[in-house]
Amino acid sequence: MTATLIDGKAFAAKVRAQVADYVTKIKAERGEAPGLAVVLVGEDPASQVYVRNKGTQTLEVGMESFEYKLDAATPQEELVALIQKLNADPKVHGILVQLPLPAHLNSDLVINTIDPAKDVDGFHISNVGLLGTGQKSMVPCTPLGCLMMLRDHHGSLAGMNAVVVGRSNIVGKPMAQLLLGDSCTVTIAHSRTKDLAAVCRSADILVAAVGRPEMVLGEWVKPGATVIDVGINRIERDGKTKLVGDVHFESAAEVAGAMTPVPGGVGPMTIACLLANTLTAYCRTKGLPEPKGLTA
Ligand code: NDP
């Protein structure tokens, strides 16, 4: 292996420590703490694990955590009413509705009910528009984590060729906007892209957010490129369940200059950035200086 590993686990711990320091200061000076409300509808096992981890880490950095677990059959009006209540609650500075929602609920409508200033997932249409027009916004957590690691590794990203494989609203598109904001030359690839291998080989920065285990091979990677693997895929290998990314780690690590592993790369950064976003939302609401290096 020649690539330098970008250690997302260690980086996320640093981000959480920075958030915790700021929260300690807020508590000492103002006698209050930022609060994050997480809403889970239904009993999806993966979502339950995510919500539990979010709650634990929120408390660990000294913030207030409010959890709302609703029945899978909750009517839309009830969920909307809960969000409106949280919008008006001065103890709540961040609101996250765990996706995916059960099929009878309109996710767009639900997300767009969240006060954009409390939209710590950055999925509200106002935040999407603000990010797209280069204005201050709440930025989706996973791409924000990727950007932080890239900035930390490279310093300036200006002029680099970036290829983002995947065009989802939660990862691919905001990732591309963030890289453009940092003056990369950005290509967005997807399932209809022709000669994906050649497109990937043009990248100084290659971000894979596809959801296909080990699809991006070493021979698709430009020598010395930085590879960010967003994928989280569970596969069966040698009779065991294993977590792999969208990049074939062994072959890519022979060619890349730096890359994130799975697990321990982008994954841990996502919740760390959720906490960072909650702190940012608090600071903006209160007119306090925003924590350095934790926003786009
Ligand atoms: P989506 O399924 O919403 O989007 C996948 C994208 O990949 C689509 O744009 C799709 O193209 C594209 N794609 C699919 N197949 C191919 C192919 N053969 N060639 C090129 N492009 C392809 O996924 P998400 O963006 O939500 O997630 C992507 C991955 O990231 C998943 O593994 C997910 O688990 C992981 N993830 C990890 C997070 C973390 O915290 N680390 C957070 C969120 C996601 P098209 O639009 O044309 O269909």
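Residues numbered from 1 in each chain as written. Predicted model: local features only at pLDDT ≥ 70, side-chain atom pairs only at ≥ 80, totals over all residues. Heavy atoms only, no water.

Points about the environment of Asp119
Moving on, step 1. In this structure, Asp119 sits in the loop between α4 (107-111) and α5 (125-132).
Moving on, step 2. With relative accessibility at 1%, the residue Asp119 sits in the buried group.
Moving on, step 3. Separated by 90 residues in the primary sequence, Asp119 and Ala209 have C-alpha atoms spaced 22 Å apart.
Moving on, step 4. The residues contacting Asp119, other than those within four sequence positions of it, are Ile95, Ile114, His124, Asn127 and Met138.
Moving on, step 5. A polar contact is formed between the side chain of Asp119 and the side chain of Asn127, at a distance of 2.8 Å. (Helix = DSSP H or I, 4+ residues; strand = E, 2+ residues; numbered from the N terminus. Buried < 20%, exposed > 50% of the residue type's maximum accessible area, 1.4 Å probe, protein only. Contact = heavy atoms within 4.5 Å. Polar contact = N/O pair within 3.5 Å; in protein donor to acceptor, adjacent residues only side chain to side chain.)

Describing the side chain of Thr113
Moving on, step 1. Residue position: Thr113 is located in the loop between α4 and α5.
Moving on, step 2. In this view, Thr113 contacts Val80, Ile83, Gln84 and Asn87; residues no more than four positions away in its chain are not counted.

Concerning the packing of aromatic side chains
Moving on, step 1. A full pass over the atoms with the stated rule returns 0 aromatic pairs.
Moving on, step 2. In this structure, Lys25 is placed above the aromatic ring of Tyr22, and the distance from its NZ or CZ to the ring centre is 5.2 Å. (Phe/Tyr/Trp six-rings, centres within 6.5 Å; stacked < 30°, edge-to-face > 60°. Lys NZ or Arg CZ within 6 Å of the ring centre and 35° of its normal.)

Regarding helix α7 (residues 172-181)
Because the α-helix completes a turn every 3.6 residues, residues three or four places apart line up on one side.
Moving on, step 1. Those residues of α7 that sit buried are Gly172, Pro174, Met175, Ala176, Leu178 and Leu179.
Moving on, step 2. The inward-facing, buried residues of α7 contact α5, α6 (141-154), β5 (161-165), β6 (185-189) and β7 (205-208).
Moving on, step 3. Immediately beyond the C-terminal end of α7, within one or two residues, lies Ser183, with a positive phi of roughly 65°.

Side note on the site of the ligand
Moving on, step 1. If you check the shell around the ligand, you find 23 residues, and the closest are Arg167, Ser168, Ser191, Arg212 and Thr270.
Moving on, step 2. Take Arg167: an N or O atom from its side chain is 2.7 Å from an oxygen atom of the ligand.
Moving on, step 3. Ser191 places a polar side-chain atom, nitrogen or oxygen, 2.5 Å from an oxygen atom of the ligand.
Moving on, step 4. Surface burial for the ligand is 70%, taken as the share of its 930 Å² of free accessible area covered by protein chains.
Moving on, step 5. The leading source of residues in the shell around the ligand is helix α10 (residues 266-286), at 3 residues.
Moving on, step 6. Looking at the shell around the ligand, its residues break down into 10 nonpolar, 10 polar and 3 charged. (Near = heavy atom within 4 Å. Areas by Shrake-Rupley, 256 points an atom, 1.4 Å probe, with all protein chains shown as cover. Nonpolar A, V, L, I, M, F, W, Y, C, P; charged D, E, K, R; others polar.)

Considering the packing of helix α2 (residues 45-60) against α10
Moving on, step 1. Look at α2 against α10: their axes get within 10 Å of each other, and the N-to-C directions meet at 50°. Here α10 runs oblique to α2, going by the angle between their axes. The chirality of how α2 crosses α10 is right-handed. Note on element contacts: α10 touches α2 through Ile271, Leu274 and Leu275, opposite Asn53, Lys54, Gln57 and Thr58.
Moving on, step 2. A per-class count over the contact of α2 with α10 returns 3 nonpolar, 3 polar and 1 charged. (Axes fitted to C-alpha atoms, helices over the stretch in contact; angles between N-to-C directions. Parallel < 35°, antiparallel > 145°, perpendicular 65-115°, else oblique. Left-handed = near helix turned anticlockwise from the far one by under 90°.)

Considerations on helix α3 (residues 76-88)
Moving on, step 1. Taking 1.5 Å per residue, 13 residues should reach 18 Å; α3 reaches 19 Å between its end C-alpha atoms and fits that length.
Moving on, step 2. Those residues of α3 lying buried are Gln76, Leu79, Val80, Leu82, Ile83, Leu86 and Asn87. Summarising the axial view, the buried residues of α3 lie within an arc of 155°, below the 170-degree limit, and thus occupy one face. Away from its buried face, by an angle of more than 90 degrees, α3 presents the exposed residues Glu77, Lys85 and Ala88. (Expected span 1.5 Å × (residues − 1). Arc of directions from axis to C-beta.)

Things to note about the domain arrangement of the chain
The extent of an interface is frequently quoted as the accessible surface area lost upon association of the parts.
Moving on, step 1. Its domain assignment divides the chain into domain 1 (29-129) and domain 2 (141-268).
Moving on, step 2. Using only C-alpha atoms to locate each centre, domain 1 and domain 2 end up separated by 28 Å. (Domains from an automatic or database assignment.)

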